[in-house]
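Chain and residue survey
Here is what each chain is made of, one letter per residue.
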Amino acid sequence: MFILKRAFILVLFCRLKLSLVRSCFPKMAASAASGMQIATARPCITSSRKFFQGGAAFLSADPKGSSWLKLSSAHQISSVQPFQQRNFASSLAKFNQVVTKAVAESGESKPLPGLPIDLRGKKAFIAGVADDNGYGWAIAKSLAAAGAQILVGTWVPALNIFENSLRRGKFDDSRVLPDGSLMEIVKIYPLDAVYDNPEDAPEDVKSNKRYAGSSNWTVQEVAESVKQDFGSIDILVHSLANGPEVSKPLLETSRKGYLAALSASSYSYVSLLKHFLPIMNPGKLLKNQPLCFFSFCRSGGSSISLTYIASEKIIPGYGGGMSSAKAALESDTRVLAFEAGRKKRIRVNTISAGPLRSRAAKAIGFIDTMIEYSLTNAPLQKELSADEVGNAAAFLASPLASAITGAVIYVDNGLNAMGVGVDSPVFVDLDIPKDKH
Ligand SMILES: *[C@@H]1O[C@H](CO)[C@@H](O)[C@H](O)[C@H]1NC(C)=O
């Protein structure tokens, strides 16, 4: 009886999965096609405080990486009992039979082995979206494509333009999801992540006309507002950074500029997670749940930020203490992974993204140089698209990544793995192969 009941539920679940598989298929095609897509873009924001959308990306470029992470997997210990293993294997076998049956019944000619990223029913808060390009927007889209509800935090001075552009349909082309629908942003919150609470915000900022029209924009207040509106969230994304002296070498960076970079780009993340953690849905281990295939029921909330290789390797041009800020962000990712993991089984990861082309980037020039460098030197000789970062974020936020935490994940065409720039004239006789595709 139990087995029958279980099989029935399995069939139901597989039907569900099937429709997902189908809806995911065009998505895969679409993102493959857009692999070479170039994100053209407006400068995100012009103001006294330049805000870099997508943190890693806006004023950034890319190269290197080594990883303490690799060490951690060296001593994997399996605690699975033989009995449980048998059990698991037999339910897997059942699962496969039912999948085959369900596929056959539905008239699908080619059964797809479905392993969808399913974020339906999850709520994501993405801090640092103020236009339709850059990594914040791309992450929002990928999470939305996987079914998540999207809330965003938009830098206060950029709020009006962003809301108006959305309302007037200026972003409609870039709102299109793989199934043809348009991404809905459920709510936009004004946010200035440099201030934790109203007492922190200086009078001249509060009374500034770009701020005065908005309220509740400090980190604590935004978290409170989200709690009032939605109760809880599942996914927290930090996609903002700012370095007022980014164009200065570190040796010429002022204390003020350095600390501002750390405050806006690193501590903003600590503060965000600190204030949102109480309303993040914890990871639960549900026992005896028929739908707990693989690790689907073990995964709870997760948090993602964006970093840049300049944190660990020298990238001239990424100055003003921004390299220091990214180093702090990556170190904090590990410590926060421990603290949030122990406290609520929340996972904390960061994506080290390569350079993204945008209009703003073109204006700066530095990114163009780094894109060129990557095209010449990276293992994959293609331009990075924002979608590729968005899709990695969707994976990290999903139960498929339920054992990944404290990690720096490189989404950079592999440039981080290179030890030398192969375009150097010293390699001229090496006959290094070039991608001819
Ligand atoms: C600001 O937050 C407070 C407390 O959460 C709330 O009562 C108030 O309505 C909010 N103000 C606005 C304009 O949303």
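Notes on the structure in this doc start here. What you see is a predicted model; the values in this text were computed from it and never measured. (Residues numbered from 1 in each chain as written. Predicted model: local features only at pLDDT ≥ 70, side-chain atom pairs only at ≥ 80, totals over all residues.)

**Focus: the site of the ligand**
- Neighbouring the ligand are the residues Ser-215, Asn-216, Glu-221, Glu-224, Ser-225 and Gln-228.
- Taken together, the residues of the shell around the ligand sort by class into no nonpolar, four polar and two charged. (Near = placed C-beta within 6 Å. Nonpolar A, V, L, I, M, F, W, Y, C, P; charged D, E, K, R; others polar.)

**Observations concerning the environment of Ala-140**
- Tracing the backbone through its elements, the reader meets Ala-140 in helix α4 (residues 135-145).
- For the pair Ala-140 and Gly-390, spaced 250 residues apart in sequence, the C-alpha separation works out to 7.3 Å.
- Setting aside anything within four residues of it in sequence, one finds Ala-140 in contact with Ile-126, Val-129, Ile-150, Val-152 and Met-183. (Helix = DSSP H or I, 4+ residues; strand = E, 2+ residues; numbered from the N terminus. Contact = placed C-beta atoms within 7 Å.)

**Overview of the pairing of strand β5 (residues 235-238)**
- Burial along β5 is two-sided: the residues Ile-235 and Val-237 and Leu-236 and His-238 are all buried.
- Sheet topology note: the strand β2 (residues 123-127)/β5 ladder contains four bridges and is parallel. Bridge pairing in β5 places Ala-124 opposite Ile-235. (Buried ≥ 20, exposed ≤ 12 C-beta atoms within 10 Å, placed from the backbone. Pairing = 2+ DSSP bridges.)

**Points about the pairing of β2**
- A large share of β2 lies buried, amounting to five of its five residues.
- Because side chains alternate across β2, one face comprises the buried residues Lys-123, Phe-125 and Ala-127, and the other comprises Ala-124 and Ile-126, equally buried.
- Bridging between β2 and strand β3 (residues 149-155) involves five bridges; their strand directions are parallel. Across the sheet, the residue bridging to Ala-127 is Gly-153, located in β3.

**What about the sheet that holds β2?**
- Ordered by their spatial adjacency, seven strands build an open sheet running β4-β3-β2-β5-β7-β8-β9, and the pairing between neighbours is parallel. Each edge of the sheet is formed by a strand with only one pairing partner; in this case those strands are β4 (185-191) and β9 (408-411). The sheet shows a mean angle of 20° between the axes of neighbouring strands, direction not considered.
- Bridge analysis of strand β7 (residues 302-307) against strand β8 (residues 347-353) gives six bridges, and the strand direction is parallel. Bridging across to β8, Ser-305 finds its partner in Thr-350.
- Packing of helix α11 (residues 322-344) onto the sheet brings it into contact with β7, β8 and β9, and relative to β8 it is tilted by some 160°. (Axes fitted to C-alpha atoms, helices over the stretch in contact; angles between N-to-C directions.)

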